[in-house]
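# Coordinate inspection notes
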Amino acid sequence: MTFRFLPSIVILLMSLLPALTTTSTAQTKPPLTLDAFIAATEYSSARLSPDGSAAVIATRQPDWMANHFREDLWIWRASTGKTEALSSSGHDSGPDWSPDGHLIAFTSDRLLPDEKPADTKDSKDSKGEPPGRIWIVAADGGEAWPLYRSKDDTHSFAWSPD
């Protein structure tokens, strides 16, 4: 009578054996450290171009020497499959394509070319941080320019379809 259940028990143990060995090999990978977690690059947003030939990607990563997080923009082109830096000021986020796909707008608290950090003390708060402005850059690359020069603090925006 007991030999009747023996094949069923053997089949059950054979089916559980791969699960038991997988668990033991998965534990050989070192655990994620706090430094590795914090040092990882975060992809905060990605926007596909209107024609689907490119994507603009916003990243956020720590800059240990400056003691803050860098926010930069990257562009990926389907024709080359490569990702290239679109901005490198460390202050750029929230990108969006123009309806025709020729321009990319984004928010940034970078200083204007003729602006000094002391000029911004009365704008955002008592820390002297510059206001967040909307900046424009050509999708082909190049230098970004501010959409306006006033010290109005912008947090979001949208392109008009026309």
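Scope of this entry: the structure provided in the associated data block. (Residues numbered from 1 in each chain as written. Predicted model: local features only at pLDDT ≥ 70, side-chain atom pairs only at ≥ 80, totals over all residues. Heavy atoms only, no water.)

## Here we look at the overall build of the protein chain
- Along the backbone of the protein chain there are two helices and eight strands.
- Residues counted as buried form 27% of the 162 residues belonging to the protein chain.
- The contacts of the protein chain with a sequence gap of at least 6 include a subset with a gap of at least 24, amounting to 35%.
- Counting only carbon and sulfur atoms, one obtains 61% of the accessible surface of the protein chain, whose full area is about 11,300 Å². (Helix = DSSP H or I, 4+ residues; strand = E, 2+ residues; numbered from the N terminus. Buried < 20%, exposed > 50% of the residue type's maximum accessible area, 1.4 Å probe, protein only. Contact = heavy atoms within 4.5 Å. Areas by Shrake-Rupley, 256 points an atom, 1.4 Å probe, with all protein chains shown as cover.)

## Observations regarding the sheet that holds strand 2 (residues 54-63)
- Read from one edge to the other, the open sheet built from four strands follows the order 1-2-3-4, with strand pairing classed as antiparallel. The sheet is open, and its two edges are formed by strand 1 (42-48) and strand 4 (83-85), each paired on a single side. Between one strand axis and the next, the sheet turns by 30° as a mean value, whatever way the strands run.
- Two strands pair when backbone bridges link them, and strand 3 (residues 68-77) and strand 4 are joined in this way by three bridges, in the antiparallel orientation. Bridge pairing in strand 4 places I75 opposite E84. (Pairing = 2+ DSSP bridges. Axes fitted to C-alpha atoms, helices over the stretch in contact; angles between N-to-C directions.)

## Re the nonpolar core
- Ranked by internal contacts, the top residues of the largest apolar core, which has 14 residues, are I75, L86, W97, I104, F106 and V137.
- Looking at this core, the elements with two or more residues in it are strand 2, strand 3, strand 6 (103-108) and strand 7 (133-138).
- Considering each element in turn, this core owes the most residues, three residues, to strand 2.
- Setting aside chain neighbours within four positions, we find V137 in contact with L86, L103, I104, F106, G142, E143, A144 and W145. (Core = buried A, V, L, I, M, F, W, Y, C linked by side-chain atoms within 4.5 Å.)

## Section: the side chain of D72
- Positionally, D72 belongs in strand 3.
- What makes D72 buried here is its relative accessible area of 6%.
- Within the structure, D72 has its side chain in polar contact with the backbone nitrogen of G90 (distance 3.0 Å).
- Contact partners of D72, with chain neighbours within four places excluded, come to I57, A58, T59, S87, S88, S89, G90 and D92. (Polar contact = N/O pair within 3.5 Å; in protein donor to acceptor, adjacent residues only side chain to side chain.)

## Describing a nonpolar patch on the surface
- A grouping of L32, L34, F37, I38, W64 and F69 is seen on the molecular surface, where their side chains present a nonpolar patch of about 690 Å² in accessible area.
- On the basis of relative accessible area, L32 is assigned to the exposed category, the value being 64%. (Patch = residues over 30% accessible without salt bridge, like charges linked within 9 Å, V, L, I, M, F, W, Y side chains within 5 Å. Salt bridge = Lys/Arg side-chain N within 4 Å of Asp/Glu carboxyl O.)

## Some details on the pattern of salt bridges
- Summed over the entire model, instances satisfying the criterion amount to five salt bridges.
- With a closest N to O distance of 3.1 Å, D72 and R70 form a salt bridge.

## A few points about the sheet that holds strand 8 (residues 145-146)
- The four strands are arranged 5-6-7-8 in an open sheet whose pairing can be described as antiparallel. Both edges of this open sheet fall to strand 5 (92-97) and strand 8, since each of them pairs with a single strand only.
- The sheet contact formed by strand 6 and strand 7 spans six bridges and is antiparallel. Bridged to A105 within strand 7 is I136.

As far as function goes, none of this settles anything; it's purely spatial.
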